[in-house]
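Below, each chain spelled out in residue letters.
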Protein chains: 2
Amino acid sequence: MVKLAIDAMGGDHAPREIIKGVQLALARFSDVEFLLFGVEKEIAPHFAGEERVKIIHCSDVIDMGEQDPIGAVRKGKDSSLVRAFRAVRDKEASGVVSAGPTQGVVAAAHLVIRRIRGMKRVAICPTLPELGGKRRLLLDVGANTELRSEHLLQLAQFASIYAREVMGVENPLVGLLNIGTEPGKGRELENETHELLKNDPNVNFYGNVEGKELFTTDCDILLTDGFTGNMVLKTCEGVARAVGNFLKEEINTFGKKIGYLFMRKVFKKFKKTMSPDEIGGANLFGVDGIVVKAHGSSDAYAFSNAIRQARLAVLGDVVEKMKKIIGDGSDE
Amino acid sequence: MVKLAIDAMGGDHAPREIIKGVQLALARFSDVEFLLFGVEKEIAPHFAGEERVKIIHCSDVIDMGEQDPIGAVRKGKDSSLVRAFRAVRDKEASGVVSAGPTQGVVAAAHLVIRRIRGMKRVAICPTLPELGGKRRLLLDVGANTELRSEHLLQLAQFASIYAREVMGVENPLVGLLNIGTEPGKGRELENETHELLKNDPNVNFYGNVEGKELFTTDCDILLTDGFTGNMVLKTCEGVARAVGNFLKEEINTFGKKIGYLFMRKVFKKFKKTMSPDEIGGANLFGVDGIVVKAHGSSDAYAFSNAIRQARLAVLGDVVEKMKKIIGDGSDE
């Protein structure tokens, strides 16, 4: 059985959609057991007689609008978020899923579970929308505003294991985001990282990848520092939103004409393609346990997909496989 | 009269589309005179009897695929690119337009015309596609992989003058690209720049702008270092391309149905909206003369728009206005 800890109070629509998401996951996956952390009287009635769910009451909740989520994690020892992460630290669960505030999740990963021994940084790694017919990981998207080349190397190794074990890609191809394809382009960071990736036996390195190839490149993993990754990810979101508005306007132009129905169909499909709900959530790579950060606005379906993702990462044993690579390192 | 130097041999479709573009500009703008640099026998027949065009023969051409455009500029003293830039340096023309390789244009701007005295960096500044119904400048997109806060301040001042004089925006709003909207977000660069922009009398500072607001923000100018700007710009291109492919697929799905015609119309409009041809070209800010880099794939219409842009910048006297601000600086 895969044991997962769930922060039942995190997310814009918590606990309602989290509860429904867990119910959905119970139906979808017969090999998962849940520890649900949250306000018991709100949660318990929904899981009466369910043997695969255990509810642990927490009096405290970290608010989605919390101005200082890191401070809240430090202080909120009885919050549903911190308690769920503590279950992973104490080996009561192999992974944790939360739709709570990103910074709170990153802080709890660092402060409660901690990094894998020898792993120098933790990264947030979402999956890009499947626009080009292929799923691609992008990291880091904001856990660290700056990274050094040796950090990027470790993150590339971790992402490669993840893509192999969870996404079923046999020999995942890693691309380094850069402002030109030729070696020697970019900043010192890109040049140093290029050199490290090229020579690492654990990484199948493609070379530099430009922003315009984001949805056409053969790469499965796109690597960059947290500042750049965040700008790139949110730019995708911005363009998608603008294109969505553009299509919506066109629909209005058609008014009640015949084309209206066709356009609506296309618009709906586009929205579904770009939606993070289809993917589940972002992974936290580098933590000594599986951590999935579901989108804050997750509905039940999206949250069940985040659970699916955590389940696959646990079954794929990605943390232990990364520990083996780090153990191989000569200077650890 | 506005005198512009034209690199007639630069661009994927040179000299044919450049010649046609100049012909188009002659018809569109009665107040512009041209110095055309290129292979005389290819150009002259197209401008017989045209008083507003002077052709200057150059034997050398910097190839679009040139591996070392900077070296080519240093060595290619008789290339059409270098000669056109020299015309601006020697005050024979007020501005230059080239569809040649970007790195060559940036190198010629630096080495031939040179920066405005006191201006510390030159930046490439294109206009974003008008997806959200508003034109916005983005800089730097790659002239400098790294910039310091004082460089970004000067570039914000220059862009503000440009937006006022050329785009007709009365009090242009400047946004700093960042990974969060609150002050204190981002790297040291963003924090220092935030402080400088906030206190500068020549800049109407909005604050931080995230990638997802790129096409919805009220800002007229979006400021960042050349690495980030290049990633953001090319990511827009990548998403647009992927969305274009998505729409194309939908069209194929509709086959010969009635919706097909509607979809085709929407697809064409989308392509036009995202096309750089509508805008003209990217500006080089900080050079002691007007430099417009037209898109390499420019056709006649796109090139005439790049000419339009150079004409407006000359008429707006943006370089002299920037010199006044730099003159005000206490430490220059």
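### Quick notes on the interface of chain A and chain B
Tallying the contact residues gives 45 residues for chain A and 45 residues for chain B. The junction of chain A with chain B conceals about 4500 Å² of combined surface from both sides, 75% of it contributed by carbon and sulfur atoms. On the chain A side of the interface with chain B, the three residues burying the most area are Ile179, Lys212 and Phe227 of chain A, jointly 15% of the side's total. The interface formed by chain A and chain B contains two salt bridges. Lysine 234 of chain B serves as the salt-bridge partner of glutamate 210 of chain A, at 2.3 Å between the closest nitrogen and oxygen. Summed over the shared surface of chain A and chain B, the result is six residue pairs in polar contact (both at pLDDT 80 or more). Among the secondary structure elements, those contributing two or more residues to the side of chain A that touches chain B are α8 (226-254) and α9 (259-274) of chain A.

### Some words on the pairing of strand β1 (residues 2-7) of chain A
Residue and element names in this part refer to chain A. Counting buried residues along β1, five of its six residues qualify, which places the element largely inside the surrounding structure. Judged from the six bridges that link them, β1 and strand β2 (residues 32-38) form a sheet pairing that is parallel. Note on β2: the bridge partner recorded for alanine 5 is leucine 35. In this fold, the crossover linking β1 to β2 by way of helix α1 (residues 16-28) has right-handed handedness. Direction of pairing for β1 relative to strand β4 (residues 95-98): parallel, over a ladder of three bridges. Of the residues in β4, the one forming a bridge with leucine 4 is glycine 95.

### A few points about the relation of the copies chain A and chain B
For the pair chain A and chain B, the best superposition has an RMSD of 0.1 Å and corresponds to a rotation of 180° with a translation of 0.0 Å parallel to the axis. What we have between these two chains is a two-fold relation. The fraction of interface residues of chain A whose copies in chain B are also interface residues reaches 100%, indicating that both copies meet through the same surface.

### Quick look at the pattern of salt bridges
Applying the stated criterion across every chain, the model contains 34 salt bridges over all chains. Between lysine 198 of chain A and glutamate 195 of chain A there is a salt bridge, with its nearest N and O atoms 3.5 Å apart. In this pair, lysine 198 of chain A and glutamate 195 of chain A are both assigned in helix α7 (residues 188-198), three residues apart and thus about one turn of the helix distant. You can call lysine 198 of chain A partly exposed: its relative accessible area is 47%. Residue class for glutamate 195 of chain A comes out partly exposed when judged on its relative accessible area of 41%. Residues glutamate 17 of chain B and lysine 20 of chain B are paired through a salt bridge, measuring 3.7 Å at the closest nitrogen-oxygen approach.

### Observations regarding the nonpolar core
If you look at the biggest cluster of nonpolar residues, it comprises 114 residues, and the most contacted ones within it are Phe85, Leu247 and Leu284 of chain A together with Phe85, Leu247 and Leu284 of chain B. In this view, leucine 284 of chain B contacts Val105, Val106, Ala109, Val122, Ala123, Ile124, Val291 and Lys293 of chain B; residues no more than four positions away in its chain are not counted.

### Observations regarding the sheet that holds strand β7 (residues 173-177) of chain A
All names here are of chain A. Spatially, the four strands line up as an open sheet ordered β6-β9-β7-β8, and their pairing is parallel. Lying at the two open borders of the sheet, with one neighbouring strand each, are β6 (137-139) and β8 (204-209). Taken pair by pair, the neighbouring strands of this sheet meet at an average axis angle of 25°, ignoring direction. Sheet analysis places β7 next to β8, joined by five bridges and oriented parallel.

### As for the domain arrangement of chain A
Residues and elements named next belong to chain A. Its domain assignment divides chain A into domain 1 (1-119 + 286-317) and domain 2 (120-279). For the pair domain 1 and domain 2, the summed buried surface comes to about 1500 Å²; carbon and sulfur atoms form 61% of the total. The tally of links from domain 1 across to domain 2 stands at zero salt bridges. Contributions of two or more residues to the side of domain 1 that touches domain 2 are made by α5 (102-113) and α10 (300-315). Looking at the side of domain 1 that touches domain 2, the element that brings in the most residues is α10, giving six residues. Residue composition of the side of domain 1 that touches domain 2, grouped by class: eight nonpolar, eight polar and two charged.

### Focus: helix α10 (residues 300-315) of chain B
Residues and elements named next belong to chain B. The end-to-end C-alpha distance of α10 is 22 Å, a good match for the 22 Å that 16 residues give at a rise of 1.5 Å each. Taken across its 16 residues, α10 has twelve buried, putting it largely inside the fold. Where α10 is concerned, the buried positions are Ala300, Ala302, Phe303, Ser304, Asn305, Ala306, Ile307, Gln309, Ala310, Arg311, Ala313 and Val314. Where α10 begins, the capping side chain belongs to aspartate 299, and its oxygen is found 3.2 Å from the backbone nitrogen of tyrosine 301.

### Describing the packing of aromatic side chains
All chains considered together, the criterion is met by four aromatic pairs over all chains. Ring plane angle 35° and centroid distance 4.7 Å describe the contact between phenylalanine 158 of chain A and phenylalanine 285 of chain A, whose orientation is recorded as tilted. Taken together, the residues phenylalanine 158 of chain A in helix α6 (residues 149-165) and phenylalanine 285 of chain A in strand β10 (residues 281-285) connect sequence positions 127 residues apart. Of the two residues examined, phenylalanine 158 of chain A and phenylalanine 285 of chain A, each falls in the buried class. An aromatic cluster of at least three residues, connected via ring pairs, comprises Phe158, Tyr162 and Phe285 of chain A. Directly above the ring of phenylalanine 227 of chain B sits arginine 187 of chain A, whose terminal nitrogen or CZ lies 3.7 Å from the centroid.

### Side note on the packing of helix α4 (residues 80-89) of chain B against helix α5 (residues 102-113) of chain B
Residue and element names in this part refer to chain B. The interhelical angle for the contact between α4 and α5, taken along N-to-C directions, is 40°, at an axis separation of 9 Å. By the angle between their directions, the pair α4 and α5 is classed as oblique. For the pair α4 and α5, the sense of crossing is right-handed. Across the interface between the two elements, Leu81, Val82, Phe85, Arg86, Val88 and Arg89 from α4 touch Gly104, Val105, Ala108, Ala109, Val112 and Ile113 from α5. For the contact of α4 with α5, the residue count by class is nine nonpolar, one polar and two charged.

### Comments concerning α5 of chain A
All names here are of chain A. Taking 1.5 Å per residue, twelve residues should reach 16 Å; α5 reaches 16 Å between its end C-alpha atoms and fits that length. Listing the buried residues of α5 in full gives Gly104, Val105, Val106, Ala107, Ala108, Ala109, Val112 and Ile113. Tucked inside the fold, the buried residues of α5 contact α3 (69-75), α4 (80-89), β4, β5 (123-125), β10 and β11 (290-294). Arginine 114 sits one or two positions beyond α5 and adopts a positive phi of about 80°.

### Comments concerning the environment of leucine 189 of chain B
Residues and elements named next belong to chain B. Within the secondary structure, leucine 189 is located in helix α7 (residues 188-198). Distance in space between the C-alpha atoms of leucine 189 and alanine 48 is 54 Å, their sequence separation being 141 residues. Setting aside its immediate chain neighbours within four residues, leucine 189 contacts Leu147, Arg148, Ser149, Leu152 and Asp225.

### Considering the sheet that holds strand β7 (residues 173-177) of chain B
For sheets, the rule is that strands pair by backbone hydrogen bonds, running either parallel or antiparallel. All names here are of chain B. Pairing is parallel in the open sheet, where four strands are placed in the order β6-β9-β7-β8. Two strands in the sheet have a free side with no partner beyond their single neighbour: β6 (137-139) and β8 (204-209). Strand-to-strand, the axes of this sheet are offset by a mean angle of 25°, without reference to chain direction. Across three bridges, the pairing between β7 and strand β9 (residues 221-223) is parallel. Following the sheet pairing, glycine 175 is matched in β9 by leucine 222.

Parameters and conventions
- Residues numbered from 1 in each chain as written.
- Chains lettered and ligands numbered in written order.
- Predicted model: local features only at pLDDT ≥ 70, side-chain atom pairs only at ≥ 80, totals over all residues.
- Heavy atoms only, no water.
- Contact = heavy atoms within 4.5 Å.
- Buried area = accessible area lost by both parts, 1.4 Å probe.
- Salt bridge = Lys/Arg side-chain N within 4 Å of Asp/Glu carboxyl O.
- Polar contact = N/O pair within 3.5 Å; in protein donor to acceptor, adjacent residues only side chain to side chain.
- Helix = DSSP H or I, 4+ residues; strand = E, 2+ residues; numbered from the N terminus.
- Buried < 20%, exposed > 50% of the residue type's maximum accessible area, 1.4 Å probe, protein only.
- Pairing = 2+ DSSP bridges.
- Right-handed = clockwise from strand over helix to strand, strands pointing away.
- Least-squares fit on C-alpha atoms with pLDDT ≥ 70 in both.
- Core = buried A, V, L, I, M, F, W, Y, C linked by side-chain atoms within 4.5 Å.
- Axes fitted to C-alpha atoms, helices over the stretch in contact; angles between N-to-C directions.
- Domains from an automatic or database assignment.
- Nonpolar A, V, L, I, M, F, W, Y, C, P; charged D, E, K, R; others polar.
- Expected span 1.5 Å × (residues − 1).
- Phe/Tyr/Trp six-rings, centres within 6.5 Å; stacked < 30°, edge-to-face > 60°.
- Lys NZ or Arg CZ within 6 Å of the ring centre and 35° of its normal.
- Parallel < 35°, antiparallel > 145°, perpendicular 65-115°, else oblique.
- Left-handed = near helix turned anticlockwise from the far one by under 90°.

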